[in-house]
Amino acid sequence: MKSVIVESGARFLVALLLVFSVYMLLRGHNLPGGGFIGGLVGAVGFVIQAIACGTESARKALRVDPSNIAMAGLGIALLAGLFAALFGDALFTGQWLFIGATEDSKGLPLSTVLVFDIGVYLVVMGAILTLVFALEEEA
Amino acid sequence: MGSATGEAAAHGAKPANRRGQGLTWVPAALAAAIFAALWPAMPPVAGGEVLRWGAAWVPSLGVNFSVLVDGLSLTFALLISGIGALVMLFAAKYMEGKYHSGRFALYLFLFMLAMLGVVLADNLLTLFVFWELTSITSYLLIGFGHADAKSRRSALQALLVTGMGGLALLAGFILIYTVVGSFDLAVVLASGDVLRESPLYLPILVLVLAGAFTKSAQFPLHFWLPNAMAAPTPVSAYLHSATMVKAGVFLLARLHPALAGTDVWLWSLTLFGGVTAVFASVMALRQTDLKQALAYTTLMALGTLVLFLADGTSSYAITGFMAFLVTHSLYKAALFLVVGTVDHGTGTRDARILGGLARAMPVTAFAAALAGLSMAGLPPFVGFIAKEVLYKGAGELALGTIVTAFALASNALMFAVAGIVCLRPFWGRPRGETPVKPHEGPWQMLAGPVVLSVLGLAFGLMPWLKQQILVSPGVDAVLGRDGEARDLRLWAGVNLALILSLVTFALGIVLYAAHVTLRDGLNRLGTHLPSLDAGWDRFLDGLKALAAWQTRILQSGRLVNYMAVTFVTLLAGLVAALIATGPGPIVLEMPYLLVKEWGIALLVLAGTGVVVSTNSRITALAGLGVVGVGVALIFITYGAPDVAITQLLVEVLVVVLVALAILKLPSLEPETGRRRWFDAALALGIGGAVTAIMLMVLEVPIDRRLSDYFEVTSWPEAFGRNIVNVILVDFRALDTFGEIAVVAVAGIAALALLKTKIAPTKEEDAR
Amino acid sequence: MEQILAILIGVLVAASVWLMLSRNVVRFLFGLVLISNAANLVIFTGGRLTLGAPPLIDEGAEAPPALVANALPQALVLTAIVIGFGLLAFALALVFRAYTALGTVDSDEMRLAEPPEGEEGAAPASRRATTPHLAREAAE
């Protein structure tokens, strides 16, 4: 059931949802959101494209095989956890770096916690897309 | 006696795998290096110092990886690494060109490390981990010739018996922890009085003894040790004489300050040790395979060692224990290596065939004679001194007469066996045709027996040397006091011990002279006695039959039956929990709710009803969607925006996914029949029980400590304002990591499932 | 509302048990979805309900205002939802695969691995079809 309206609508929606998913990921530490939600939003975006234009086009848009995304995410999350060991902390202890911190402002916070959440984001998105694409292609 | 024909044939039959062949000397060199590294610890330890070194391992459980070097552990560690080096040197030559010889060397080395871990551990849990590692590595070694069914059976038997003991030991250690509050050996050993007065003392003792007795092959769990002789000879020499089987004895000695000194300890060790010693020496007489005979004398030695640990205070007994321990390790390892060399040089180990080998194998005969004289307990060998001290210690013990009788009987038998194993094959005339023309082994195989047996002579002539470096520190460590060890003397004047020794020799000579007649008589008798080995088989068969029976009952092959069994069990558990807690004062009150709350509840109810009742796939899908959205609304209403968003997104994906697949599946058909009435009753029962339990849970005030902690620390310590997200990615990040790993695996697994091309099986094929 | 939810959970569980006892594996899947929802609600309700007030800390504050929803069960449920989805998707793939290979969604007819008693003789043939390495071994 190909339809020009759905297809062009989907393209737009995918872009919007992807931006939105990154937004959800980044604001997650302080407001509702985070890696799980961000990953799900991103996955929904590509699922919509896959339904509207076929998995072929969704895979092309993704560029990377979704199962690789999931595995890379798992590796990133693990590295973020192992990073703490370099400083003698227990594994998965968050490490923070505040760039340009002053007395009242914490500046730009960088942390392994965010890296870990990015890993979560990639795993959730990659795993779900792996599943959906496989089911769509085989079913 | 098929087992007596050389295992060389069994291992050599396969084409040699040459990988790692050139490196087989490395383990021996490493073992020697470890020995050399331990040596400098000797002077301070002999001076009464206790060396400790450690690092935290699992700090939250109080588990440290720490090493304790005192008299006892250093003596053991030196024996393990020293004999290990010699055995590995022997093994390198013995296994040369045989199947997987590199792997064999690796196993042997791993075993040595595990064994060093056991004796050097400063923590009960560390000790347990290494204890189990020795079981596993010994399994690999016994089953090394795995093409042979007998090897596999022996390996499995050893693993199961020692594994069961290991579990008992773990339970015992945990009980010790509950009493003492620490796994640290220093704490445990200092809390002897607390342990002995604790109501848990008896269970602790039973469990620890179960572990020690299985490992050290005490009667009636001894049967795995003679079977373990299926392993290549270096393994027997190393594991089943000098080291692993001594782990149980080591444990008893290690925990001696903490557990000994009660009547239960005294009687159980005396009886088990004594019965094992006498039983094993009688059995040793029966054997025609030299290796089997040695195996039973090892059992005898283990029994004797246990016997002498029975007493809580006697310094003579403990001195005897340490002296005999060292002596036995030296001559027994030497003798096993001698038997290995004989096997290598003649192709057989059958005592009925071998004779007059001394001419062809002079060095081996020399080593065998030295070790044999030590084993027989003749002066001036170290075996004589050990035996003298044992007799003296026996006289001092609380159960002196019994112990003396046990010791006398087993020593006389040992004397006879020493003659059979060490003298008979080498002197006199050849008694039969050997498969291979007898020839001397290469130097690598001779080094071990010669060094060890000469050491036995040297220690006999210079008892003070052995005393200072190997015995006294150990005695002090076992008794927990200084300067307690009695002197080891070659000549101590005419006393009771000397008279007993003379009686032993006389009895031994008689037994040796009559051993062929005795052997046949015993063998006739043996066929009528129940065999524990066969009993073990019956036990295993019974276990398998039980497993098969319950499998037939529970696993009918029909999914609905599996589900029914699972759910009935669940219901039973829920009802049991309800009964155990007792029906609390549950007051159902008509709640005052907002309209939207009623609306959500009704929405979920309606959705559930639709899914249950419909036969249309699409309608059911819609019903599922309604339930999911309803649950999401519950989340958003009660302050869980993150969860609600997740739920909604997942709901979208579920509908998409299910819609993709389900329309390809056949439509639902109504199910009827009596079975469904049973299902309905079960479903209602479980639903009701869950509701009842939930209501009771809600009556109990909630413990918010953890939540409060997260709320207070989320911003100051983890710099996050969304507490849920902070919990996920920071406080409980390890959990989350596990969870995303599951998600990733689910995705990959589904991919594999869907993309793998399986040839469709038609119904006709299956029929 | 907690008590109402307790009853609602009971209904959800009863419905899912009924569905999971069905011979039709598609109904089983529906039951799986429902029971995941029920389990999530159990955790959530067990942590008590607080109307409104999500567990967020206001800008400038050190800790949340006095009464906010319990954050811990929310974190547990959040991951449980995603994992439940993974499980469901895997089960769906399994069911779909089973249907394409066996041509049925009736679990009573899926007897390839554990054939009914008395039909053991037929088993090797079917096993050979699905596991090629066994066939090779048999041929040797």
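Everything that follows concerns the structure shown earlier in this document.
Our subject in this report is the structure included herewith. Remember, predicted model here, so these are calculated numbers, not experimental data. (Residues numbered from 1 in each chain as written. Chains lettered and ligands numbered in written order. Predicted model: local features only at pLDDT ≥ 70, side-chain atom pairs only at ≥ 80, totals over all residues. Heavy atoms only, no water.)

### Comments concerning the environment of B:A601
For step 1, the next point in the chain: Within the secondary structure layout, B:A601 lies in helix α27 (residues 595-613).
For step 2, the next point in the chain: Separated by 33 residues in the primary sequence, B:A601 and B:I634 have C-alpha atoms spaced 8.5 Å apart.
For step 3, the next point in the chain: If we skip the residues at most four places from it in the chain, B:A601 touches C:I4 and C:L8. (Helix = DSSP H or I, 4+ residues; strand = E, 2+ residues; numbered from the N terminus. Contact = heavy atoms within 4.5 Å.)

### So, the packing of helix α26 (residues 559-581) of chain B against helix α30 (residues 674-699) of chain B
Two packed helices can be described by the angle between their axes and the distance between those axes.
Residues and elements named next belong to chain B.
For step 1, the next point in the chain: Packing of α26 against α30 brings their axes to within 10 Å, and their N-to-C directions diverge by 35°. Relative to α30, the crossing made by α26 is left-handed. Touching V560, N561, A564, F567, V568, L570, L571, L574, A577, L578 and T581 of α26 are R675, F678, L682, G685, I686, A689, V690, A692, I693 and M696, all from α30.
For step 2, the next point in the chain: In terms of residue class, the contact of α26 with α30 is made up of 17 nonpolar, 3 polar and 1 charged. (Axes fitted to C-alpha atoms, helices over the stretch in contact; angles between N-to-C directions. Left-handed = near helix turned anticlockwise from the far one by under 90°. Nonpolar A, V, L, I, M, F, W, Y, C, P; charged D, E, K, R; others polar.)

### As for the interface of chain C and chain B
For step 1, the next point in the chain: Contact residues are listed per partner, giving 97 residues for chain C and 109 residues for chain B.
For step 2, the next point in the chain: Between chain C and chain B lies a buried interface of about 9,100 Å² when both sides are counted; carbon and sulfur atoms form 73% of it.
For step 3, the next point in the chain: Put simply, chain C and chain B have 0 salt bridges between them.
For step 4, the next point in the chain: Those elements that provide at least two residues to the side of chain C that touches chain B are α1 (2-20), α2 (25-46), α3 (71-102) and α4 (123-130) of chain C.
For step 5, the next point in the chain: Counting residues per element, the side of chain C that touches chain B draws most heavily on α3(C), which supplies 26 residues. (Buried area = accessible area lost by both parts, 1.4 Å probe. Salt bridge = Lys/Arg side-chain N within 4 Å of Asp/Glu carboxyl O.)

### A short note on the interface of chain B and chain A
For step 1, the next point in the chain: Taken together, the contact pairs 39 residues of chain B with 44 residues of chain A.
For step 2, the next point in the chain: Here chain B packs against chain A, burying approximately 3,700 Å² in sum over the two surfaces, 80% of which is carbon and sulfur.
For step 3, the next point in the chain: There are 1 salt bridge connecting chain B and chain A.
For step 4, the next point in the chain: One salt bridge connects A:E137 with B:K755, and the closest N-O pair in it is separated by 2.5 Å.

### Regarding the pattern of salt bridges
For step 1, the next point in the chain: By the definition in use, this model includes 15 salt bridges over all chains.
For step 2, the next point in the chain: In this structure, B:R254 engages B:D70 in a salt bridge whose closest nitrogen and oxygen atoms are separated by 2.4 Å. One end of the pair, B:R254, is in helix α13 (residues 244-254); the other, B:D70, is in the loop between β2 (63-69) and α4 (71-94), and 184 residues separate them in sequence.
For step 3, the next point in the chain: On the basis of relative accessible area, B:D70 is assigned to the buried category, the value being 7%.
For step 4, the next point in the chain: Put simply, B:D537 and B:R153 hold a salt bridge, and the shortest N to O gap is 3.0 Å. Of this pair, B:D537 sits in helix α25 (residues 532-554) while B:R153 sits in helix α7 (residues 149-180), and the two are 384 residues apart along the sequence.
For step 5, the next point in the chain: Its relative accessible area of 29% is what places B:D537 among the partly exposed residues.
For step 6, the next point in the chain: On the accessibility criterion, B:R153 (30% relative accessible area) is partly exposed.
For step 7, the next point in the chain: Here the salt bridges do not stand alone but share partners, grouping A:R59, A:D65, A:E137 and B:K755 into one network. (Buried < 20%, exposed > 50% of the residue type's maximum accessible area, 1.4 Å probe, protein only.)

### Describing the packing of aromatic side chains
Residues and elements named next belong to chain B.
For step 1, the next point in the chain: Evaluation of the coordinates by the stated rule reveals 17 aromatic pairs over all chains.
For step 2, the next point in the chain: The interplanar angle of 70° and the centroid separation of 4.9 Å between the aromatic rings of F104 and F144 together place this pair among those described as edge-to-face. One end of the pair, F104, is in helix α5 (residues 101-120); the other, F144, is in the loop between α6 (124-142) and α7, and 40 residues separate them in sequence. Across the pair, F144 and F104 agree in class, each one buried.
For step 3, the next point in the chain: Between F219 and F279, the ring centres sit 4.8 Å apart and the planes meet at 55°, which makes this aromatic pair tilted. Of this pair, F219 sits in the loop between α10 (201-215) and α11 (224-227) while F279 sits in helix α15 (residues 263-286), placing them 60 residues apart in sequence.
For step 4, the next point in the chain: The rings of F104, Y107 and F144 are connected pair by pair, giving a single aromatic cluster.
For step 5, the next point in the chain: Cation over ring: K215 sits above W131, and NZ or CZ is 5.1 Å from the ring centre.
For step 6, the next point in the chain: Over the face of the ring belonging to W715 we find R721, whose NZ or CZ atom lies 3.7 Å from the ring centre. (Phe/Tyr/Trp six-rings, centres within 6.5 Å; stacked < 30°, edge-to-face > 60°. Lys NZ or Arg CZ within 6 Å of the ring centre and 35° of its normal.)

### Observations regarding the nonpolar core
For step 1, the next point in the chain: Grouped together as the largest cluster of nonpolar side chains are 176 residues, with contacts concentrated most on B:L108, B:Y238 and B:L259.
For step 2, the next point in the chain: For this core, the leading source of residues is helix α17 (residues 315-346) of chain B, giving 19 residues.
For step 3, the next point in the chain: If near-sequence neighbours (up to four positions away) are discounted, B:L108 is found in contact with B:V87, B:M88, B:A91, B:L141, B:V235, B:Y238 and B:L239.
For step 4, the next point in the chain: Grouped together as the second largest cluster of nonpolar side chains are 133 residues, A:V41, B:A733, B:A741 and B:L754 included. (Core = buried A, V, L, I, M, F, W, Y, C linked by side-chain atoms within 4.5 Å.)

### Remarks on unusual backbone geometry
For step 1, the next point in the chain: One non-glycine residue, A:R63, lies in positive phi territory at about 70°.
For step 2, the next point in the chain: For A:R63, the location among the structural elements is in the loop between α3 (55-62) and α4 (66-83).
For step 3, the next point in the chain: You can call A:R63 exposed: its relative accessible area is 77%.
For step 4, the next point in the chain: Here C:R48, not a glycine, exhibits a phi torsion of approximately 70°, which is positive.

### A short note on α7(B)
For step 1, the next point in the chain: Look at α7(B): 46 Å from first C-alpha to last across 32 residues, which is about the 46 Å you get at 1.5 Å a residue.
For step 2, the next point in the chain: Residue B:G181 follows α7(B) closely and has a positive phi angle near 85°. (Expected span 1.5 Å × (residues − 1).)

### Things to note about a nonpolar patch on the surface
All names here are of chain B.
For step 1, the next point in the chain: Together, M164, F539, L543, L546, W549, I553, L554 and V565 make up an exposed nonpolar region whose accessible area comes to about 760 Å².
For step 2, the next point in the chain: Here the nonpolar patch takes 6 residues from α25, the largest share from any one element.
For step 3, the next point in the chain: Taking relative accessible area as the criterion, V565 reaches 34% and is therefore assigned partly exposed. (Patch = residues over 30% accessible without salt bridge, like charges linked within 9 Å, V, L, I, M, F, W, Y side chains within 5 Å. Areas by Shrake-Rupley, 256 points an atom, 1.4 Å probe, with all protein chains shown as cover.)

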